[in-house]
Structures are given as structure tokens and as C-alpha cells.
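Observations on chain architecture
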Amino acid sequence: MQHIKQYVEQNKQRLLDELFDLLRLASVSADPKYKPEVLKTADYVAAKLRDAGADNVEICQTAGYPIVYGEKIIDVSKPTVLVYGHYDVQPPDPLELWKTPPFEPTVRDGKIYARGACDDKGQFYMHVKAFELMMQTGTLPCNIKFMIEGEEEVGSSNLGIFVKANKEKLKADVVLISDTSMISMEHPSLETGLRGLSYLEVEVTGPNRDLHSGVYGGAVANPITVLAQMIASLHDENNHITIPGFYNDVVPLTEAERKALNSAPYDEAEYKKDLDVTELWGEKGYSTFERTGTRPTLELNGIWGGYIGEGAKTVLPSKANAKISMRLVPNQTSEAITKLFTDHFLSIAPPYVKVTVTPHHGGEPAVTPTDSIAYRAAQKAIAESFGKEPIPTRGGGSIPIVALFEAELGLKTVLMGFGLDSDALHSPNEKYDIYNYYKGIETIPLFHKYFAELSN
């Protein structure tokens, strides 16, 4: 451990400067206008993998944005770790809510503020630098492969094709991902599962054009009103989702599982203070940890229609739209839930409007075993680095490729994230603690060390 800390200390400024260079690249995969920046980011990642000591570094083209691959095979008889991450980021909008420019990383109170700081540039780059550390100190104990993609934030639609076509190239013993969070640096944790995702868009159409709200109001249905009513009907008074059959495949936690999950440190007052809310909201009968990690949800991600410009315009709009996501738990599938939602939403449409539902992307839930060699290696690494055992938790987010890796490569995944839930992922003023960044670089080599030892 001493040689690890020494290397990080001696290279602290360079490690930070390189991350800042990466964060300055506006690799927004959802918006075509950022395409040159996304491609430059792939080039940067490939160059840094080469600099760190990786062999066979490739920028693998796909129908969308490229996947960066690199490897270091020190001995084919040793175990192999496949590191996954993504170099694309969420759109920075709304820009006016950022205190500093989203693609000009800024340090305030020991935290890096930039789009992608935590999700996932700061986290995947820890692995590149930990690999460099092991190469420079002659301590790489196992084989390592990197697969860093550029479309995670838009559903990884081309990753499955790449994985299926490159099973031999990606052959490994475990997948290691840092794209998740810990409870806190004082209470380190390891996520043991992720929710799946069904993401879609709905459109409600009324008259064939925008109308004068004085001339036609009261005689023609307003699509915004209808859409709001339809969306409101998707939850009951207990915040339970009303789509018939939605919960059919959900397996309730046992009392022992609920007790273990809720034993993690939690300060509700601090939770509310951080979010500036006076009360929490959610499905009745469940704790915050259960609601955010083990229960399915339905959330409205965006809604629009009519006139939203400056000043007033008395319009009765022709159309109204919304984007909706549903987080799924084990045994639910994105295909089945998408169909359930679509059938239900069309069935509740009143006759005076037309409704369409357009699926965007989805992913499957995943649970990682806590008795595997890889999970035990992560436990030991965190225990040594932090001085205390990690708490097992369930993640509320979705990383669809975890299920893909298991289905196509037969590999389980270890979710060893160093972010915090308060890091404002997908929001303005996303941040990542400098301490967490360095701590990840210090901890990751210990995972490889213990994974190699326990595999023998």
C-alpha cells in the first residue's frame, strides 16, 4: 500500500491535470452538434491508454460512436479483468443553472465541478491511472483489458453488437466497473445490484394546428391538460404505479434482506437538507433505501407543449409531449414493461385526442453475487484502503450492459464506484471530490492484487 500512496502523492498534480483535459472535451453523445468533441475524446482516451502501457490499443468503429479498447496480457495463465467505462456525458442543459461553465473544470471546496466529473470520466479514468501506477511500479498482478465506450448515455445501442462480434477479444474472468456511488467516504460501500430501465416518449395530439385559446377554448380538448391527466393517473394515492400487471414479476425482499438493507447509515434530515425539500415522497410502506434501490419506479423526465417563450401567447396547442422512464428490479424485463406501459397508456387515451408511444431504449436489472472471488477481492481492497469493511447496497441507477456482459460473455460484474449520490449526476453543477478520485486510484490496484491472489 505504501508504494501506491507514494506514487499518487508524487504525481498528484499531473493526475489531476490529465483529468481536467479529459473533462474539457464536450463529449455529449445525445446531441449531434458535439460529434467532433466526442471523437476527440475517444482519441484522448486511446492515447492515455497507450501512455499508461496498454498494448493493442484500438479505436473500434461502430454504427455510432467508437469504442476504445486496450489490453495488457502479462501471462495467459493469470486471471483477466475487463474494465468497462464510458467517455460520453449527459447534455449540460440547462446552462444557466451552472455556477461555472460545464466543460471548464473548476475546483471549489476540494470538489471538481464539470459535466462528466463523476459520470463517468472521473471514475473510469481512475482505472487508467491505476493501471499506469501498476505498470510503473512493476506490480500488475493479472491481465487487464479496457473497453471504454461513447454511447452509454444514449442506451449503448451498438455495444451489444460489438460484444457479440468480439467475444474472444473480450474474454475475461470478471468485469470491473466504477460508475456507481458509495454511501460516503466515512461509510464505504459496494453496490450489489442495479435497476433496469425502460425509456420512452409519449405524444398527445388534439386539433390539427395551434388554436386561439379564446376562440376555441372550452370547445376543443387541450392536449397539455389531457397529457397531465393521463400522467397523473399512473400513480395512486399511495404512489403505487397503476399500470395493470406492472408488479407481477417483482419479488419482494425478505424481512432479513430489508433489515440488512436498512442497516446502512442514513440521516433523513441531512438527505432532505441536501435536496432542499421539506418532505420525501415515494411508494407508501417502503424506506428511502428500498424505494431507490429495490422497488420499481415511474418518473416523468420532461414535458412540453404550447408556448414556452418570453411573454404571453394565448394558444391552445396542437400537441403535448413527455419523456418517461421506468426503473426496473430483478425479474422485470424492459421489453415486457415497455409493452405494459404502451398498452395501458393507449387504453386510457380519451376519444378526443390521438396518442402515440415511442420506445427509446431499455436495459435489464442485474444482481451481483456477494460470495464470488471478485466481490471478496473488492471487499478486501476497500477494507484495506479505507480501514473499514464496505457495506453492501443496491444501486438505484441503471447500467444496461451489466446484464449484457452476463448474457453474452458469461461474466459477472463488480460495481466498485467512488462517487456520491450528492454528486449531481445528470444535473447542473455535477461534481466529484478530488479526494475520491485519488482514493479510487489507490484502491483499484488492491482489487487486482487480491483478485489475483484469491484466484490461485
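About the thresholds
Along each chain, numbering runs from 1 in the same order as the chain's sequence is written. With the structure being a predicted model, the display of local features is reserved for residues of pLDDT at least 70 and the display and counting of side-chain atom pairs for 80 or more, all residues being used for whole-chain, interface and lining totals. Hydrogens and water molecules were not included; the side-chain quantities draw on all heavy atoms of the structure. Criterion for a salt bridge: a side-chain nitrogen of Lys or Arg within 4 Å of a carboxyl oxygen of Asp or Glu. When a residue's accessible area, from a 1.4 Å probe over protein chains only, is under 20% of the maximum for its type it is buried; when over 50% it is exposed; and in between it is partly exposed. We count a stretch as a helix when DSSP gives it H or I for four or more residues in a row; a strand needs E for two or more, and each element gets its number in order from the N terminus. Within 6.5 Å between ring centres, the rings of Phe, Tyr and Trp (the latter by its six-membered ring) count as paired, and their orientation is classed by plane angle as stacked under 30 degrees, edge-to-face over 60, tilted in between. Counting as a charge over the ring demands two things of the Lys NZ or Arg CZ atom: a distance within 6 Å of the ring centre and an angle within 35 degrees of the ring normal. In this analysis an axis means a line fitted to C-alpha atoms, helices contributing only their contacting stretch, and an angle means the value between N-to-C directions, from 0 to 180 degrees. Should an angle fall under 35 degrees it is taken as roughly parallel, and over 145 as roughly antiparallel, whereas 65 to 115 is taken as roughly perpendicular and any remaining angle as oblique. We call two residues contacting when some pair of their heavy atoms lies within 4.5 Å. Any two strands with at least two DSSP-identified bridges between them are counted as paired. Amino acids outside the nonpolar list (Ala, Val, Leu, Ile, Met, Phe, Trp, Tyr, Cys, Pro) and the charged list (Asp, Glu, Lys, Arg) are all regarded as polar, and Gly is one of them. By convention a nonpolar core is built from buried Ala, Val, Leu, Ile, Met, Phe, Trp, Tyr and Cys residues, the set being connected through side-chain atoms within 4.5 Å. What makes a patch is a set of residues exposed beyond 30% relative accessible area and free of salt bridges, joined within 9 Å when like-charged and within 5 Å when nonpolar (Val, Leu, Ile, Met, Phe, Trp, Tyr). Note on areas: Shrake-Rupley with a 1.4 Å probe; residue coverage comes only from the protein chains shown.

1. Comments concerning the pattern of salt bridges
Under the defined criterion, the tally for this structure stands at 27 salt bridges. Between arginine 24 and aspartate 21 there is a salt bridge, with its nearest N and O atoms 2.9 Å apart. Assessed through its relative accessible area of 36%, aspartate 21 is described here as partly exposed. Between glutamate 442 and lysine 439 there is a salt bridge, with its nearest N and O atoms 3.9 Å apart. With glutamate 442 and lysine 439 both in helix H14 (residues 434–455), this residue pair falls three residues apart, about one helical turn. Of the two residues examined, glutamate 442 and lysine 439, each falls in the buried class. Counted as one network, the salt bridges with shared partners bring together Arg14, Glu18, Lys129 and Glu132.

2. Here we look at the packing of aromatic side chains
Considering all chains together, one arrives at 11 aromatic pairs under this definition. Geometrically, the ring pair formed by phenylalanine 341 and phenylalanine 345 is stacked, given 5.2 Å between the ring centres and 15 degrees between the ring planes. With a gap of four residues between them, phenylalanine 341 and phenylalanine 345 both fall in helix H11 (residues 334–347), about one helical turn apart. You'll find phenylalanine 341 and phenylalanine 345 in the same group, each marked buried. Through a chain of ring-to-ring contacts, three or more aromatic side chains come together here, namely Tyr266, Tyr271 and Phe289. The ring of tyrosine 69 carries lysine 169 above its face, with NZ or CZ at 4.7 Å from the centroid.

3. Re the packing of helix H2 (residues 12–23) against helix H3 (residues 35–52)
Relative orientation of the contacting elements H2 and H3 amounts to 155 degrees, with a least axis distance of 10 Å. Put simply, H2 runs roughly antiparallel to H3. Facing Glu18, Asp21 and Leu22 of H2, the residues of H3 in contact are Thr41, Tyr44, Val45 and Lys48.

4. Brief notes about the sheet that holds strand E5 (residues 111–113)
If you walk across this open sheet you meet the three strands as E4-E5-E21, and the pairing is antiparallel. Strands with a single pairing partner mark the edges of an open sheet, and in this sheet they are strand E4 (106–108) and strand E21 (431–433). Neighbouring strand axes in the sheet, compared pairwise and without regard to direction, differ in orientation by 30 degrees on average. Sheet topology places E5 next to E21; three bridges connect them, and they run antiparallel.

5. Observations regarding the packing of H3 against helix H4 (residues 121–136)
In the contact formed by H3 and H4, the axes pass within 8 Å of each other and the chain directions differ by 20 degrees. On the basis of their axis angle, the class for H3 and H4 is roughly parallel. Where H3 abuts H4, its residues Thr41, Tyr44, Val45, Lys48, Leu49 and Ala52 lie against Lys121, Phe124, Tyr125, Val128, Phe131, Glu132 and Met135. For the contact of H3 with H4, the per-class residue count stands at nine nonpolar, one polar and three charged.

6. Quick word on the environment of glycine 160
Following the sequence through the fold, glycine 160 ends up in helix H5 (residues 159–165). Since its relative accessible area comes to 15%, glycine 160 is described here as buried. It is 8.4 Å that separates the C-alpha atoms of glycine 160 and glutamate 408, two residues lying 248 residues apart in sequence.

7. A look at the nonpolar core
Among the nonpolar cores identified, the biggest contains 73 residues, and Tyr87, Met416, Tyr437 and Phe447 are the most heavily contacted of them. Here methionine 416 is in contact with Leu176, Ile177, Ser178, Thr180, Leu190, Ala378, Ile382, Ile444 and Phe447, once residues within four sequence places are set aside. Val202, Val226, Leu234 and Tyr247 belong to the second largest nonpolar core, which has 27 residues in total.

8. Concerning unusual backbone geometry
Cis geometry marks the peptide bond from aspartate 93 to proline 94, where omega comes out at 0 degrees. Among the secondary structure elements, proline 94 is positioned in the loop between strand E3 (80–86) and E4. Residue aspartate 119 is joined to aspartate 120 through a cis peptide bond whose omega torsion reads 0 degrees. One can find aspartate 120 in the loop between E5 and H4. Despite not being glycine, asparagine 429 shows a phi value in the positive range, around 65 degrees. Looking at the element boundaries, asparagine 429 is found in the loop between strand E20 (419–420) and E21. The class for asparagine 429 is buried, based on a relative accessible area of 16%.

9. Remarks on a nonpolar patch on the surface
On the surface, a nonpolar cluster with roughly 330 Å² of combined accessible area is contributed by Tyr266, Tyr271, Leu275 and Val277. Structurally, tyrosine 266 is set in the loop between helix H8 (255–261) and helix H9 (268–275).

10. Re the sheet that holds strand E11 (residues 196–205)
Taken in spatial order, the four strands of this open sheet run E13-E15-E11-E16, and their pairing is antiparallel. Both edges of this open sheet fall to strand E13 (297–305) and strand E16 (354–363), since each of them pairs with a single strand only. Pairwise comparison of adjacent strand axes, ignoring direction, gives a mean angle of 15 degrees for this sheet. Of the strand pairs in this sheet, E11 and E16 are connected by nine bridges, and their pairing is antiparallel. In the sheet register, glutamate 203 faces E16, and the bridge partner there is threonine 356. Of the strands in this sheet, E11, E13, strand E15 (319–328) and E16 are in contact with helix H7 (residues 223–232), which crosses E15 at around 15 degrees. Strands E11, E13, E15 and E16 of the sheet are contacted by H11, whose axis makes an angle of about 170 degrees with E16.

Any functional reading would require information that these geometric values do not contain.
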